[in-house]
Amino acid sequence: MSFFIRKNVSKRKKPPVRVINDNIKKKKTQNLADDEISSDSSESDHDDQQPFSSESESEKFITAGEKKVLLAKKYLSEIEEEERRRLEDEADDEQINKNVLKRLKDDALDQKGQLKTKLADCLSFPTDIVELRNRKHAKAITCTVISPDDKYAYSCSKDSSIIQWDLETCKVHKSLNYNRSKRLQHNPTHHNYPVLSLAVSDNYLVSGDNSGLIVVRNSITLDYLGSLTGHKDGVTGLKICNESNQLFSCSKDKSVKVWNLVDMCYVETLFGHQTEVTCMDMLQKDRIATAGGLENIVRVWKIQDETQLIFNGTGGSIDTIQKIDNAHFVTGSDNGSVSIWGTLKKKPLCNVEKAHGINITNDQPNWVSAVGALANSDLIVSGSNNGTIKFWRCTNNNKSLLPLFNVPVKGFINGLVFTNDGSRLIVAIGNEHRFGRWHGVTGVKNSLSTVCCNYPLTLESRDLKTRLQIGNSSHSN
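Since we're looking at a predicted model, the values are computed, not measured.

Participant: Tell me about the overall build of the protein, residues and numbers included.
Facilitator: Per the secondary structure count, the protein includes seven helices and 30 strands. Relative to its full complement of 477 residues, the protein shows a buried share of 47%. In the form shown here, the protein has an accessible surface area of approximately 25500 Å², with 50% of it arising from carbon and sulfur atoms.

Participant: Please set out the side chain of N398 residue by residue, giving values where relevant.
Facilitator: Relative to the helices and strands, N398 is located in the loop between β26 (388-395) and β27 (400-408). A relative accessible area of 4% places N398 in the buried class. A distance of 3.4 Å separates a polar atom in the side chain of N398 from a polar atom in the side chain of H328.

Participant: Before we move on, could you go through the confidence of the model for the protein and cite the residues and values that matter?
Facilitator: Averaged over the protein, the pLDDT score is 80; the fraction of residues at 70 or greater is 77%. Predicted confidence is poor over residues 1-55, with pLDDT under 50, and the contacts of this stretch with residues over four places away or in other chains come to three contacts. Here residues 473-477 is modelled with pLDDT under 50, and outside its nearest four sequence neighbours on either side it reaches 13 contacts, counting other chains as well.

Participant: Go over the nonpolar core, please, and point to the residues and values.
Facilitator: Judged by nonpolar contacts, the single largest core of 22 residues is most densely connected at L379, I389, F391, L416, F418, L425 and V427. Secondary structure elements with two or more residues in this core: β25 (379-384), β26, β27, β28 (412-418) and β29 (424-430). When sequence neighbours within four positions are dropped, the list of residues in contact with F418 reads I146, A373, L374, L379, V381, F391, R424, L425 and C453. Ranked by size, the runner-up nonpolar core spans 14 residues in total, among them I324, I340, C394 and L401.

Participant: Describe the pairing of strand β11 (residues 246-251), naming the residues involved and giving the relevant values.
Facilitator: Counting buried positions along β11 yields five of six residues, so the element is predominantly enclosed. In terms of strand pairing, β11 meets strand β12 (residues 256-260) through five bridges, oriented antiparallel. Counted as the bridge partner of Q246 is N260 from β12. Hairpin geometry of β11 and β12 is characterised by an intervening segment of four residues between the two adjacent antiparallel strands and by a positive phi of about 75 degrees at K254.

Participant: Kindly report on the pattern of salt bridges, identifying the contributing residues and their values.
Facilitator: Close approach of charged atoms allows side chains of opposite charge to pair. Under the counting rule described, the total for this entry stands at five salt bridges. For the salt bridge of K158 with E432, the shortest nitrogen-to-oxygen distance reads 3.0 Å. Note that K158 is positioned in the loop between β3 (152-157) and β4 (162-166) and E432 in the loop between β29 and β30 (447-452), a separation of 274 residues in sequence. An identical accessibility class is assigned to K158 and E432; each is buried.

Participant: Explain unusual backbone geometry residue by residue, including any values.
Facilitator: The backbone of N245 sits at a positive phi, close to 55 degrees, despite the residue not being glycine. Judged by relative accessible area, N245 falls into the partly exposed class, the value being 25%. Even without glycine at this site, N296 takes up a positive phi of about 60 degrees. Tracing the sequence through the fold places N296 in the loop between β15 (287-291) and β16 (297-302). For N296, a relative accessible area of 16% translates into the label buried.

Participant: So what about the state of the cysteines? Which residues, and what values?
Facilitator: In protein chemistry, a disulfide is the covalent bond that joins the sulfur atoms of two cysteines. A full pass over the atoms with the stated rule returns zero disulfides. Looking at C452, it has no disulfide partner, and the nearest cysteine sulfur is the one in C453, 7.6 Å off.

Participant: Quick rundown of the sheet that holds strand β7 (residues 204-209)? Include the residues and the values.
Facilitator: Spatial ordering of the open sheet is given by β6-β7-β8-β9, a layout of four strands whose pairing is antiparallel. Taken across any chain shown, the strands that pair with only one partner, and hence form the sheet edges, are β6 (195-200) and β9 (224-228). Looking at each pair of strands side by side, their axes are set apart by 20 degrees on average, direction ignored. By the bridge criterion, four bridges tie strand β8 (residues 214-218) to β9 in an arrangement that is antiparallel. Its bridge partner being in β9, R217 is matched across the sheet by Y224.

Participant: Can you break down a nonpolar patch on the surface residue by residue, with the values?
Facilitator: There is a patch of nonpolar side chains on the surface, built from Y75, L76 and L104 and spanning about 220 Å² of accessible area. For L76, the location among the structural elements is in helix α5 (residues 64-87).

Participant: For the sheet that holds β3, give the residues involved together with the corresponding values.
Facilitator: Read across the open sheet, the four strands follow the order β2-β3-β4-β5; overall the sheet is antiparallel. With partners counted over all chains shown, the strands left at the sheet margins are β2 (141-146) and β5 (171-176), one partner each. Averaged over all pairs of adjacent strands, the angle between strand axes in this sheet comes to 20 degrees, irrespective of strand direction. Of the pairings in the sheet, the one linking β2 to β3 comprises five bridges and is antiparallel in character.

Participant: Tell me about the environment of K151, residues and numbers included.
Facilitator: Secondary-structure assignment places K151 in the loop between β2 and β3. Between the C-alpha atom of K151 and that of L167, which follows or precedes it by 16 residues, the distance is 5.7 Å. Not counting chain neighbours up to four residues away, the residues in contact with K151 comprise W165, D166 and L167.

Participant: Lay out the environment of L425 with the relevant residues and their values.
Facilitator: Structurally, the position occupied by L425 is in strand β29. Here the alpha-carbon distance between L425 and S449, two residues 24 residues apart in the chain, equals 8.0 Å.

Participant: How would you explain the pairing of strand β10 (residues 235-241) if you had to name every residue and give the values?
Facilitator: The side chains of a regular strand alternate between the sheet's two faces. Of all seven residues that make up β10, seven are buried, and the element is covered over most of its length. When β10 meets β11, the two strands line up antiparallel, connected through six bridges. Across the sheet, I240 pairs through a bridge with L247, a residue of β11. Where β10 folds back on β11, the antiparallel hairpin that results is connected by four residues, among which N245 adopts a positive phi of roughly 55 degrees.

Participant: Tell me about the packing of aromatic side chains, and please be specific about residues and values.
Facilitator: Summed over the entire model, instances satisfying the criterion amount to seven aromatic pairs. With a centroid separation of 5.8 Å and 75 degrees between ring planes, the pair formed by W259 and Y266 is classed as edge-to-face. Note on Y266: relative accessible area 44%, which makes it partly exposed. Ring pairing ties together the aromatic residues F125, F391 and F405, which thus form one cluster.

How each quantity is defined
- Residues numbered from 1 in each chain as written.
- Predicted model: local features only at pLDDT ≥ 70, side-chain atom pairs only at ≥ 80, totals over all residues.
- Heavy atoms only, no water.
- Helix = DSSP H or I, 4+ residues; strand = E, 2+ residues; numbered from the N terminus.
- Buried < 20%, exposed > 50% of the residue type's maximum accessible area, 1.4 Å probe, protein only.
- Areas by Shrake-Rupley, 256 points an atom, 1.4 Å probe, with all protein chains shown as cover.
- Polar contact = N/O pair within 3.5 Å; in protein donor to acceptor, adjacent residues only side chain to side chain.
- pLDDT = per-residue confidence, 0-100.
- Contact = heavy atoms within 4.5 Å.
- Core = buried A, V, L, I, M, F, W, Y, C linked by side-chain atoms within 4.5 Å.
- Pairing = 2+ DSSP bridges.
- Salt bridge = Lys/Arg side-chain N within 4 Å of Asp/Glu carboxyl O.
- Disulfide = S-S within 2.5 Å.
- Axes fitted to C-alpha atoms, helices over the stretch in contact; angles between N-to-C directions.
- Patch = residues over 30% accessible without salt bridge, like charges linked within 9 Å, V, L, I, M, F, W, Y side chains within 5 Å.
- Phe/Tyr/Trp six-rings, centres within 6.5 Å; stacked < 30°, edge-to-face > 60°.

Pasting the structure below:
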């Protein structure tokens, strides 16, 4: 019996050396770990290193709906506390509840891009108008834009120049001046034709000229980043979407193109216009509105759905367009009409004929050459070839326009842009229209004018302007 036992023992396999070595390594590492623990450590240290607490364990069993309710209650309590501090215990609970309800409604509208800040009623006639002039703009200024931080204004001219203005000092910060020499005629990094359009974002400054060339530069240093070619005629409008880094352009070649600014490449072309596209603006991230000029049609393009909406004008050539909020925009025509549109109706919600009066030389309505709107507010401006800037107030849910006052300037108004906080209006003034020489004004010096918008210095107006600035920055291109 013992023989068989010995035999089985003799045939028993020994564990492999690798396993033994692994066990030895584990013991060594365990001993090293034990040696590294200091004598001051206690069991409480181990309890602190637990990855999950009892509270986090209980949150695992909360549903998504219950979590939303908890967050909503916390948000309400924070708003109530803010209102109590703001009113300094001067109001009762009923007044606080009314203010909280109003805050909630404003937040809901702000998320939809439909929050209306009423500033037109408290606006007074501007008394401070500063003129920005430089000899590098030897010809008419065609367009102007403002940086998202309201620090710089950019202007372009028919002499192929671009100027970056410092709005704090009202002086030239940087400039780009080109010529039409044969040596630079085919250089894609320079404009050798009239620059008709500009667009600016946090990182990019994009310009388009009358030959169809689009040049992309750094918005601060103005360093060259790349060129985009594809349009067969002049680029009349540009818009940048900050969320997707996409560039939208419209042209006299009747097309609207989409570009990628990160890769500096072409994406797609949108067809539909039968005449020159004169201007464009962005309503939402994936929606742009374009003016069809003599076609007398405005088209709203849904980029993701690959569809378009057609809005029929009231006559004349629709030459300028500007966003009011995500669902409304304003246009100006050469027949003197200023119109307000809504995306849910194919005809204008409001149309003011002969908005800038009659030209006494030919008995025709003065040309509305530029319109502007303070985003998400009730303030609208329009400019004409007679050198008049007209301020309007939107009422009755954008269904009517009431004139406020007129600001006279000398020249052809080719651009109207508000700063994001609504404190200033930048006006591009030239001696002729940005597209041609149909109406020339003699004795006019091409320049930018900054019109300071005067609001009463009350706590309520400051709150409105702060909220307006935050809302405009969150909904910007």
